[in-house]
Amino acid sequence: MSVGGRPKHSVWNMGFNRIKDPIIDNKYNALCMVCHKTLRNTSVDRLKTHRNICLFTSIPIPPKSSSPQSISNLMVSNNASKRKRIFINTSDSSDSEQIDTRDTPNENKLKETPLTISQIGSILSAQNDTLTFVPTTCSTPNKANINDNPKYSDDYDIDNTIEVSTDSTPTTSKKSIEFNFKEKKKKDKTMLQGPVRSFCDKITPSEIDKCNLALAKLFFGCNIPFSVIESLHFKNFCQSLRPAYKVPTRKVLSGRLLDDVFMKFCQSNSFKKNSALLIDGWKNESANTKNVACMLHSSSGEAMFLESFDMTGVRETSTELCKIVESCIDLAKKKHNTDIYAVITDNAANMVKMGRLSTLWHLTCNAHTANLLAKDLVPSDITAKVKQILKAFHGPDLEKELLFRGGYRIQLPCETRWCSYRDSFVNLKKNMPMMKQIIFDGQFSISTNVNTLLINDDFLNSVSDYINLFDPICVLINKCQSSKSNIADAAEEWLSLELSQSNNNFAANLENRRSSALTEYALAANFLHPTYNGLRFRKDNKHDDMDVAESFFLSVLDVDGLNSLHDYKTKQGIFSTLFEKKNLNYQAFWSYAKNKNVELAELAESLLALPSSTAQLERIFSNWSYVHSSLRNRLNNERSKKLVSVYYNLKIQEKNHSPSDEY
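Just so we're clear, the structure is a prediction, and the values are computed from it rather than from any experiment. (Residues numbered from 1 in each chain as written. Predicted model: local features only at pLDDT ≥ 70, side-chain atom pairs only at ≥ 80, totals over all residues. Heavy atoms only, no water.)

**Q** Tell me about the pairing of strand 9 (residues 289–298), and name the residues and values.
**A** Of all ten residues in strand 9, nine are buried, a share of seventy percent or more. Note that strand 8 (residues 274–284) and strand 9 share ten bridges and pair antiparallel. For K283, the partnering residue across the bridge sits in strand 9 and is K290. Two strands pair when backbone bridges link them, and strand 9 and strand 10 (residues 303–310) are joined in this way by seven bridges, in the antiparallel orientation. The residue bridging C294 from the neighbouring strand is E307, located in strand 10. (Buried < 20%, exposed > 50% of the residue type's maximum accessible area, 1.4 Å probe, protein only. Helix = DSSP H or I, 4+ residues; strand = E, 2+ residues; numbered from the N terminus. Pairing = 2+ DSSP bridges.)

Dropping the structure here:
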């Protein structure tokens, strides 16, 4: 009567037991008694293949010997996941052989039929005498001696042994053998190094493209010179990381890879539906060219370098600037699917005239306007005296002595750096005590005029007064330069700005700059900001800020929008509830109000998304001078523009990973 499943064949006698399949009825699987693996396929070829692999991987092959003797101890290395100890004992009083399998604590116990000595012999003979043993009378190798040698500590584990004791002679009841470790070392070295020697690192075309892209971003994002890629040390470094990867040439890096990275940034980066355009002119000293750079600023505060126009040999008139703005509108729509509704520039005359000709909202940089105010208030005579003193102590010997006495490094004023005049005045005030000590010691020769100024109390008091005068202006400049500051924040700073000195000339200069900064857009944005709400608006004989803001609302809102504006002004409807919520930011405020006041909410979001300055564009120029430096003066304008675009966008990505760092 058939028991079901595949008929039994002769290979079953090579150390396999039939066990019932736990899932399928009338099916039997094969349990290997060497490695205790269950095989569902019990065909002749499958079992023979497993037996060859099992004996090869489970039992180490000892060196051959001409006369085999009885076995005492055999060290076995099992798979890493299975560690077993098998004892096979025979004696004169019993003809049966017994196997004891001790599993590790994490393995499940299996009940198997014990192997007999004849079965073990058949298994070994099936390998064509590949397993032979060296006769010896030595005892089991010492575990400590084995573990002392790291080359054998993994192969010869005292917990993974097959111990066989026989009584072959009346006088000796147990004999033991041990492997010839030198021969075993050579055997294992041949077995292990064969695959290593034949190992070859292979790389697919997709992996090559991925490596090339990462390498290009490294060079462009860190501004590494292209010549580094041809360095032997760099090639050896890449070869040690990935032998199959071949470093691209300098020409490929600066050509195809640069174009690929540039196009990926242009295609992958998408903006909000509406965005503002920042535009400013810059002269590239390294290439001796004039450029007009443009970048986008989204409502969520994101920035992206858009385009640069080479204006070398072309006058930057308002008409030419209007053409550039029109080109930027088409380019932003085509590349990033965003609509430009406002343009922000500096206070140059051609930029201001361009704003009048353009149909977009035009705003000027508040930080630039504040810097012009600081220049109006800087006294030329006091500034010249401060420069004279600082230059006298700017030499290496005097500055070192100044630092040794607890002073600070000299900071000279710079025309292109905002707030540098205030910083130079503060630097002089901090170093004043140490400077006087150096003069009194007489170790260094200093001009008489400097000595006279340092002991002049009236001059020192004037320096302190101008520091107090510049402080609120510098606070305004620093706040406007932040990428998170909008025109509502700038308007609030201008409305609250007060000068410490009551000088008629200072007051006139302040009102002049304040009026140019507080445009209808800035006042409307300040009024629609739920925190500011136009509470600082001026209303006197000269100014009526609320009237300016309402005139703007009448020109851009329809009837529904004006009704919503009335509810906002009187805090009725949903606005009464929203104003009661303390610490509610303006994004959330208008997001809730947009459900019933769509037009007014969209206008508020557009106004409050406008940045207060073009400082982000100024950082582009700093990056440009860093990328296209005097050492890389062979870059043409097109390649230089692509490098700056990729460099800036990669820095923006780094900033997103560490939001605490302002970029």
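Having seen it, we continue.
**Q** Explain empty space enclosed by the protein residue by residue, including any values.
**A** Gaps left between atoms are located by rolling a probe of water-molecule size over the structure's atoms. Evaluated as defined, the whole model comprises five cavities of 30 Å³ or more. Considered as a void within the structure, the largest cavity measures approximately 110 Å³ in volume. Looking at the lining of the largest cavity, the elements with two or more residues in it are helix 10 (366–377), helix 13 (420–441) and helix 15 (457–481). Taken together, the residues that form the lining of the largest cavity break down as nine nonpolar, two polar and four charged. (1 Å grid on protein atoms, 1.4 Å probe; cavity = no way out; pocket = protein on both sides within 12 Å on 5 of 7 lines; lining within 4 Å. Points joined across faces, edges and corners; volume = space filled by probe spheres on them. Nonpolar A, V, L, I, M, F, W, Y, C, P; charged D, E, K, R; others polar.)

**Q** I'd like a description of the side chain of T345, backed by residues and values.
**A** The residue T345 is located in strand 11 (residues 339–345) in this model. For T345, a relative accessible area of 0% puts it in the buried group.

**Q** Provide a residue-level description of the packing of aromatic side chains, including the pertinent values.
**A** Aromatic rings considered in pairs are described by the distance between their centres and by the relative angle of their planes. Considering all chains together, one arrives at 19 aromatic pairs under this definition. Seen in terms of ring centroids, W361 and F552 are 5.8 Å apart; in terms of plane orientation they differ by 70°. Their pairing is edge-to-face. Residue W361 is located in strand 12 (residues 361–364), and its partner F552 is located in helix 19 (residues 545–556); the two are separated by 191 residues in the primary sequence. Across the pair, F552 and W361 agree in class, each one buried. Ring plane angle 45° and centroid distance 5.5 Å describe the contact between Y568 and F579, whose orientation is recorded as tilted. Of this pair, Y568 sits in helix 20 (residues 559–570) while F579 sits in helix 21 (residues 574–580), and the two are eleven residues apart along the sequence. Residue Y568 is classed as buried on the basis of its relative accessible area of 0%. Here the aromatic residues Y341, W361, Y521, F527, F552, F553, Y568, F575, F579, F589 and W590 are joined through ring pairs into a cluster of three or more. The cationic tip of K571 hangs over the ring face of F579; the distance from NZ or CZ to the ring centre is 4.8 Å. (Phe/Tyr/Trp six-rings, centres within 6.5 Å; stacked < 30°, edge-to-face > 60°. Lys NZ or Arg CZ within 6 Å of the ring centre and 35° of its normal.)

**Q** If you had to explain the nonpolar core to someone new, which residues and values would you point to?
**A** Counting residues in hydrophobic clusters, the biggest one holds 125 residues, and the most contacted among them are F220, W361, F393, L528, F553 and W590. Considering every element that reaches this core, the biggest residue donor is helix 15, with twelve residues. Sequence-distant contacts of F553, defined by excluding residues within four places in its chain, comprise A524, F527, L528, L562, L565 and L603. (Core = buried A, V, L, I, M, F, W, Y, C linked by side-chain atoms within 4.5 Å. Contact = heavy atoms within 4.5 Å.)

**Q** Go over the environment of R242, please, and point to the residues and values.
**A** Among the structural elements, R242 can be located in the loop between helix 6 (232–241) and helix 7 (250–268). By relative accessible area, which is 25% here, R242 ends up partly exposed. Note: C-alpha distance between R242 and D201 (41 residues apart in sequence) is 7.6 Å. When neighbours within four sequence positions are excluded, R242 is seen to be in contact with D201, K202, I203 and E207. Separated by 3.0 Å, the side chain of R242 and the backbone oxygen of K202 make a polar contact. (Polar contact = N/O pair within 3.5 Å; in protein donor to acceptor, adjacent residues only side chain to side chain.)

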